[in-house]
Amino acid sequence: MKTIRTYASFFRVRFLMGLQYRAAALAGVATQFAWGFLELAAYHAFYAEQPENFPMGFSELSSYVWLQQAFLALFMVWMLENEIFEKIIDGGVAYELCRPISLYAMWFSRSVANRLSRAILRCLPILAAAFFLPEPYGIRLPERPLTLLLFAVSMVLALLAVVAFCMIIYLLTFFTMSPLGLRILFVSFVELFSGAIVPFPFLPEPVRTVFELLPFGSMQNVPLRAYSGNLAGAALARAMLLQAFWVLVLIGGGWLLSRRAIRRTVLNGG
């Protein structure tokens, strides 16, 4: 119980710290508004011809885009913490290792808090504005309350998967001289394979099937499609079970990697 309270304290401190950056949040809201409108305008140019030929209705796509922008901080792997990288590179991680707690659990809890605080500051203005946009450009509540509940559960699983994957990136930095290459490689992979650039329904069937089985497909793809109704029923249940599977695999793999990384850690001066 004491250990849980310790990690809860790390979570609370980081969460409250993240809520202080209101100016940055306002700038992010403006950027995400602009990006969302640009995305919808680009898609609308294609939908104007033969909308029935597309795998998602335009209203479903609008919900997908606005939720993606509202919860960008939860899903985007490129929102990594430079402070953690700096501690690994300059040896500041030695102070973290002196604490009688798990380095992995501490960084995991603060990473979750950091993303949640950013998302809370940004999501409310974006969602409020999107709900007032006319059909089919805005976002509406799902018809069934169960859909909203499943969306919330899927969002939690997606957040845990993203943070667990980011933890692996941090830990791999213990084995390199610089994190730059790792960041470029993994961020590029996730952007393509998670549905951040193109929603999965727009991909060819064989490609989509493979992408959905990868851990990246268990990130933003599942909750955003669940909310819009594009993913429902048995397909949604399978997708959420796969999310839970990848969360366990990524957390387990990251924890084992952390143990190996700590054993191999060499600090200048002793």
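Above: the structure in question.
Residues numbered from 1 in each chain as written. Predicted model: local features only at pLDDT ≥ 70, side-chain atom pairs only at ≥ 80, totals over all residues. Heavy atoms only, no water.

> Mind showing me how you'd approach the overall build of the chain here?
Scanning the chain from terminus to terminus reveals 12 helices and 0 strands. A compact globule built from 270 residues would reach a C-alpha radius of gyration of about 18 Å, and the chain, at 20 Å, matches this within 12%. Principal-axis analysis of the C-alpha atoms places the extent of the chain at approximately 70 × 40 × 35 Å. In the chain, 79% of the contacts between residues at least 6 apart in sequence involve partners at least 24 apart. Here the chain displays about 13800 Å² of accessible surface, and carbon together with sulfur accounts for 70% of that area. Across the chain, 21 positive and 14 negative side-chain charges occur, with their mean positions spaced 16 Å apart. (Helix = DSSP H or I, 4+ residues; strand = E, 2+ residues; numbered from the N terminus. Rg over C-alpha atoms; globule rule 2.2 N^0.38 Å. Contact = heavy atoms within 4.5 Å. Areas by Shrake-Rupley, 256 points an atom, 1.4 Å probe, with all protein chains shown as cover. Lys, Arg positive; Asp, Glu negative; His and termini not counted. Charge placed at Lys NZ, Arg CZ, Asp CG, Glu CD.)

> I tried to follow the packing of aromatic side chains on my own but got confused; where do I start?
In this description, an aromatic ring pair is defined by two values, namely the gap between the centres and the angle between the planes. Within the structure shown, the criterion is met by 19 aromatic pairs. Arranged with centres 4.3 Å apart and planes meeting at 15°, the rings of Tyr47 and Phe54 form a pair that is stacked. With a relative accessible area of 4%, Tyr47 lands in the buried category. The class of Phe54 is partly exposed, set by a relative accessible area of 26%. (Phe/Tyr/Trp six-rings, centres within 6.5 Å; stacked < 30°, edge-to-face > 60°. Buried < 20%, exposed > 50% of the residue type's maximum accessible area, 1.4 Å probe, protein only.)

> Hey, could you run me through the side chain of Ser258 in this one?
Take Ser258: it is sitting in helix α12 (residues 233-263). According to the relative accessible area criterion, Ser258 is buried, its value standing at 4%. A distance of 2.5 Å separates the side chain of Ser258 from the backbone oxygen of Trp255, its partner in a polar contact. (Polar contact = N/O pair within 3.5 Å; in protein donor to acceptor, adjacent residues only side chain to side chain.)

> Sorry if this is basic, but what is going on with the pattern of salt bridges here?
Opposite charge on two side chains lets them pair, provided their charged atoms get close. One pass over the full model with this rule turns up 6 salt bridges. The salt bridge partner of Arg208 is Glu205, with a shortest N-O separation of 2.4 Å. In this pair, Arg208 and Glu205 are both assigned in helix α10 (residues 205-213), 3 residues apart and thus about one turn of the helix distant. (Salt bridge = Lys/Arg side-chain N within 4 Å of Asp/Glu carboxyl O.)

> Which parts of the structure should I look at to understand the nonpolar core?
Soluble, globular proteins show a tendency: their nonpolar side chains are buried together. Formed by 74 residues in total, the largest nonpolar core has its most connected members in Leu67, Phe71, Val77, Trp107, Phe165 and Phe174. For this core, the element with the most residues is helix α8 (residues 145-172), which contributes 16 residues. Apart from residues lying up to four places away in sequence, Trp107 is in contact with Ile84, Ile88, Val93, Glu96, Met167 and Phe174. Val222, Leu231, Ala239 and Met240 belong to the second-largest nonpolar core, a separate cluster that totals 6 residues. (Core = buried A, V, L, I, M, F, W, Y, C linked by side-chain atoms within 4.5 Å.)

> Where do I start with α12 in this structure?
In an α-helix, one full turn covers 3.6 residues, which means residues spaced three or four apart are oriented alike. An ideal rise of 1.5 Å per residue puts 45 Å on 31 residues; α12 measures up with 46 Å between its terminal C-alpha atoms. Among all positions in α12, only Leu236, Ala239, Met240, Gln243, Trp246, Val247, Leu250, Gly254, Leu257, Ser258 and Ala261 are buried. The inward-facing, buried residues of α12 contact α7 (103-132), α8, α10 and α11 (221-228). (Expected span 1.5 Å × (residues − 1).)

> When you look at empty space enclosed by the protein in this model, what are you seeing that I'm missing?
Empty space among the atoms can be located by rolling a probe the size of a water molecule over them. Considering all chains together, one arrives at 2 cavities of 30 Å³ or more under this definition. Quantified by volume, the largest cavity comes out at close to 50 Å³. Lining the largest cavity are Met79, Glu81, Ser111, Asn114, Arg115, Val163, Cys166 and Tyr170. Broken down by secondary-structure element, the contributors of at least two residues to the lining of the largest cavity are α7 and α8. A class-by-class count of the residues in the lining of the largest cavity yields 4 nonpolar, 2 polar and 2 charged. Looking at the second largest cavity, its volume works out to about 40 Å³. Counting only elements with at least two residues in the lining of the second largest cavity, the list comes to α2 (22-47) and α3 (58-70). A total of 4 residues in the lining of the second largest cavity trace back to one element, the largest contributor, which is α3. In terms of residue class, the lining of the second largest cavity is made up of 7 nonpolar, 2 polar and 1 charged. (1 Å grid on protein atoms, 1.4 Å probe; cavity = no way out; pocket = protein on both sides within 12 Å on 5 of 7 lines; lining within 4 Å. Points joined across faces, edges and corners; volume = space filled by probe spheres on them. Nonpolar A, V, L, I, M, F, W, Y, C, P; charged D, E, K, R; others polar.)

> How should I be thinking about the packing of α7 against α8 in this particular structure?
Describing two packed helices takes the angle between their axes plus the distance from one axis to the other. Direction vectors running N to C along α7 and α8 enclose 125°, while the axes themselves pass 10 Å from each other. With respect to α8, the axis of α7 lies oblique. At the point where α7 passes α8, the crossing takes the right-handed sense. Across the interface between the two elements, Tyr104, Trp107, Phe108, Ser111, Val112, Arg115 and Leu116 from α7 touch Leu159, Leu160, Val162, Val163, Ala164, Cys166, Met167, Tyr170 and Leu171 from α8. Partitioning the contact of α7 with α8 into residue classes produces 14 nonpolar, 1 polar and 1 charged. (Axes fitted to C-alpha atoms, helices over the stretch in contact; angles between N-to-C directions. Parallel < 35°, antiparallel > 145°, perpendicular 65-115°, else oblique. Left-handed = near helix turned anticlockwise from the far one by under 90°.)

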